[in-house]
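Residue-level structural notes
Spelled out, the chains give:
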Amino acid sequence: MISAPACDLIYINGEWRHPARSASAIPVISPATEQVIGSVAQSSALDVDQAVAAARAAFPAFSATTPAQRIALLGRILVLMEERAEPLAQAICQEMGAAIGFARTAHVPFGLAHIRAAIEVLERFPFLTPQGSTAIAREAIGVCGLITPWNWPLYQITAKLAPALAAGCTIVLKPSELSPFSAHMLAQILHEAGTPPGVFNMVTGLGEEVGAAIAAHGDIDMVSITGSTRAGVLVAQAAAPTVKRVTQELGGKSPNILLDDADFARVVPLGVAAGLRNAGQSCSAPTRMLVPQARLAEVEHMAAAAARALVVGDPSLETTDLGPVANRNQFDKVQRMIDIGLAEGARLVWGGPGRPDGFDRGFYCRPTIFTCPDPAMRIAQEEIFGPVLCLIPYRDEEDAIRIANDTVYGLGAHVQSADLDRARRVAGRIRAGQVHINHPAWDGMAAFGGYKQSGNGREYGRFGLEEYLETKAILGYYPQ
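Residues numbered from 1 in each chain as written. Predicted model: local features only at pLDDT ≥ 70, side-chain atom pairs only at ≥ 80, totals over all residues. Heavy atoms only, no water.

Digging into the overall build of the protein chain
Stated formally: Here a helix means four or more residues in a row that DSSP labels H or I, a strand means two or more in a row labelled E, and each is numbered from the N terminus. In this setup the radius of gyration rests on C-alpha atoms only. A globule is expected at 2.2 Å times the number of residues raised to 0.38. Burial classes follow relative accessibility: with a 1.4 Å probe on protein chains only, a residue under 20% of its type's maximum area counts as buried, one over 50% as exposed, and anything between as partly exposed. Should any heavy atoms of two residues lie within 4.5 Å, those residues are counted as being in contact. A 1.4 Å probe and the Shrake-Rupley method give the accessible areas. Residues count as covered only by the protein chains that appear here. Lys and Arg are tallied as positive, Asp and Glu as negative. Neither His nor the chain termini are counted. Here the site of a charge means atom NZ of a Lys, CZ of an Arg, CG of an Asp or CD of a Glu.
Scanning the protein chain from N- to C-terminus turns up 15 helices and 20 strands. For the protein chain, whose C-alpha radius of gyration is 23 Å, the value lies close to the compact-globule estimate of 23 Å for 480 residues. Taken over the C-alpha atoms alone, the protein chain extends approximately 65 × 60 × 40 Å along its principal axes. Relative to its 480 residues, the protein chain shows a buried fraction of 58%. Within the protein chain, contacts between residues at least 6 apart in sequence are counted, and of these 73% link residues at least 24 apart. A total of about 18100 Å² of accessible surface is found on the protein chain, and carbon and sulfur atoms cover 54% of it. A distance of 3 Å separates the average location of the 40 positive side-chain charges in the protein chain from that of its 47 negative side-chain charges.

Listed below in structure tokens is the structure:
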């Protein structure tokens, strides 16, 4: 088990310290057992003030470092993360219930990939470019508040932290209080890597106090949040009076269009796996599988078989595919949405309400597949954030595109077809920030972010770095 006492401290100006105001620590609950396995410090706006002051003081020197110096720092962080890959995976397994195999093959490697991507981008990024006699300079935006979620705790932190450091920004991080172990391990790694005092600071606690204080703070120049659309709206509202930059990676209800010429034997099981991975707790998960009406019965049979094959169980076991969902609130929401689906008249293909057989505690959910004859059903429109997949029949290609775009979200989408040109054409008409054709490999350099209520701004690779930069035009910089 991960040692809990260090999580009762926060990290400000290169030091571990107790919060400024005495308050009870927040218990950390194991999603597998529902038992308390640790606690995390409950910070306040006073701690945010101290963290911001440290970051503000550190900014002039750190923003003046060379790309080579920042590459060296990121390289040291990467080496330490690689050395501690297994403890990080174990922490993620314990704090939010990710199956240990998935933590080892996805959560930690994807987190590492963001550090590598930042190094690679920084090695060739043009911070000063000529435009006639004018120079276009790209400069660090300043002090950045990073607010990250519980569902991909390490991966979402490094997606923000790595480009912010690469840009020369200083940081105040608020990780989720529901999954703090991996964040504390990462903070220790940054400390051991020689991150200058004040460049990285971490305050923990509740969003309504700590997150709100970060969003509203006048000395924070930018806030980047990953979370629900509701949380993103609240952060943007709190940030508006100080006119700071706000980037948001928010909710999703991503479509997966199976065109009629796709290899269904391949793409249906892959689509089920993609929709339900991480126990369905991914904002970009393709949880709406759009299938030709004439092949619906076939897809139902194949999807049920794929779901039946998934092993739900103790996340610490190598044989487990899906662990529990991460917390009580999420478990209750998943159960409520399954009940709503049944009440709406969706056809249950597999799974259903309650825990899987053999479990009387823990936040375990049945992998559940519905057929939704009406794409306006709530379970086909609202983000459930659990292992629930909706099969939606369509008449023709135009109907599929219409259904895919008929959502308030626009984070991700998938298209499956044997005809690459056809898939490209359909992908070009989907209103989403990232579209996958025929289940490609994950690309840590590909821009990631949303249209509509899925947010604004982009993460990953060069696109992520640019979010942490301001643009300055210096006229007369070059001789005429």
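Read on for the rest.
Details of helix 10 (residues 296-308)
We count it as follows: To estimate how far a helix should reach, multiply one less than its number of residues by 1.5 Å.
Compared with the 18 Å implied by 1.5 Å per residue over 13 residues, the 18 Å span of helix 10 between its first and last C-alpha is a close match. Inspection of helix 10 places L296, V299, E300, M302, A303, A304, A306 and A307 among the buried residues, and these make up the whole buried set. Residues of helix 10 that are buried sit in contact with helix 9 (264-276), strand 13 (288-292), strand 14 (347-350), strand 15 (368-371) and strand 16 (388-394).

Considering a nonpolar patch on the surface
Where we set the bar: Nonpolar side chains (Val, Leu, Ile, Met, Phe, Trp, Tyr) are joined into patches within 5 Å and like charges within 9 Å, using only residues with over 30% relative accessible area and no salt bridge. The term salt bridge refers to a pairing of a side-chain nitrogen on Lys or Arg with a carboxyl oxygen on Asp or Glu at a separation within 4 Å.
Taken together, the side chains of L128, I474 and Y477 present a nonpolar region at the surface, about 240 Å² in accessible area. In this structure, L128 sits in strand 5 (residues 128-131). The exposure class of L128 is partly exposed, given its relative accessible area of 38%.

Here we look at the sheet that holds strand 20 (residues 469-474)
The test is simple: Each pair of strands is called paired provided DSSP finds at least two bridges between the two strands. Note on geometry: axes are lines fitted to C-alpha atoms, helical ones only across the stretch in contact, with angles between N-to-C directions running from 0 to 180 degrees.
Sheet architecture is open: three strands sit in the order 5-6-20, paired in antiparallel fashion. With one partner strand each, in any of the chains shown, strand 5 and strand 20 form the two edges of the open sheet. Strand-to-strand twist of the sheet, defined as the mean angle between neighbouring strand axes without regard to direction, takes the value 25°. Looking at chain direction, strand 5 and strand 6 (residues 134-140) are connected through four bridges and run antiparallel. Pairing of T129 across the sheet is with I136, part of strand 6.

Considerations on the sheet that holds strand 18 (residues 434-437)
Paired through their backbone hydrogen bonds, the strands of a sheet run either parallel or antiparallel. Taken in spatial order, the seven strands line up as 14-15-16-13-12-17-18 in an open sheet, and their pairing is mixed. In the strand order of this sheet, the two ends are held by strand 14 and strand 18, each with one partner. On average, each strand axis in the sheet is tilted by 25° relative to the strand beside it, whichever way the strands run. By the bridge criterion, four bridges tie strand 17 (residues 412-416) to strand 18 in an arrangement that is parallel. Bridge assignment links G412 to a residue of strand 18, and that residue is Q434. The strands touched by helix 10 within the sheet are strand 13, strand 14, strand 15 and strand 16, with strand 14 carrying the most contacts at an inclination of about 50°. In this fold helix 11 (residues 328-344) packs onto strand 14, strand 15 and strand 16, with an angle of close to 25° to the strand it touches most, strand 15.

Brief notes about the packing of helix 2 (residues 67-83) against helix 4 (residues 100-124)
Between two packed helices, the angle of one axis relative to the other and the distance separating the axes together describe the packing. Worth spelling out the cut-off: Reported orientations rely on four angle classes, namely roughly parallel under 35 degrees, roughly antiparallel over 145, roughly perpendicular from 65 to 115, and oblique for the rest. Two helices crossing with the near one rotated counterclockwise from the far one by less than a right angle form a left-handed crossing, whereas a clockwise rotation gives a right-handed crossing. Nonpolar residues are Ala, Val, Leu, Ile, Met, Phe, Trp, Tyr, Cys and Pro. Charged residues are Asp, Glu, Lys and Arg, and all others, Gly as well, are polar.
Here helix 2 crosses helix 4 at 160°, and the two axes come no closer than 10 Å. It follows from the interaxial angle that helix 2 and helix 4 lie roughly antiparallel. Crossing geometry of helix 2 relative to helix 4 is assigned as left-handed. On helix 4, the residues touching P67, R70, I71, L74, G75, I77, L78, M81 and E82 of helix 2 are G111, L112, I115, R116, A118, I119, L122 and E123. For the contact of helix 2 with helix 4, the residue count by class is eleven nonpolar, two polar and four charged.

Notes on the environment of K472
Stated precisely, the cut-off is as follows: Within 3.5 Å is the distance limit for a polar contact, defined as a pair of N or O atoms, with the added protein rule that one can donate a hydrogen and the other accept it, and that residues adjacent in sequence qualify only through two side-chain atoms.
Inspection of the secondary structure puts K472 in strand 20. Judged by relative accessible area, K472 falls into the partly exposed class, the value being 38%. For K472 and A135, which are 337 residues apart along the polypeptide, the C-alpha to C-alpha distance reads 8.1 Å. In this structure, K472 is in contact with A135, I136, A137 and E139, ignoring residues within four places of it in sequence. Here E139 takes part through its side chain, which lies 3.1 Å from a polar atom of the side chain of K472.

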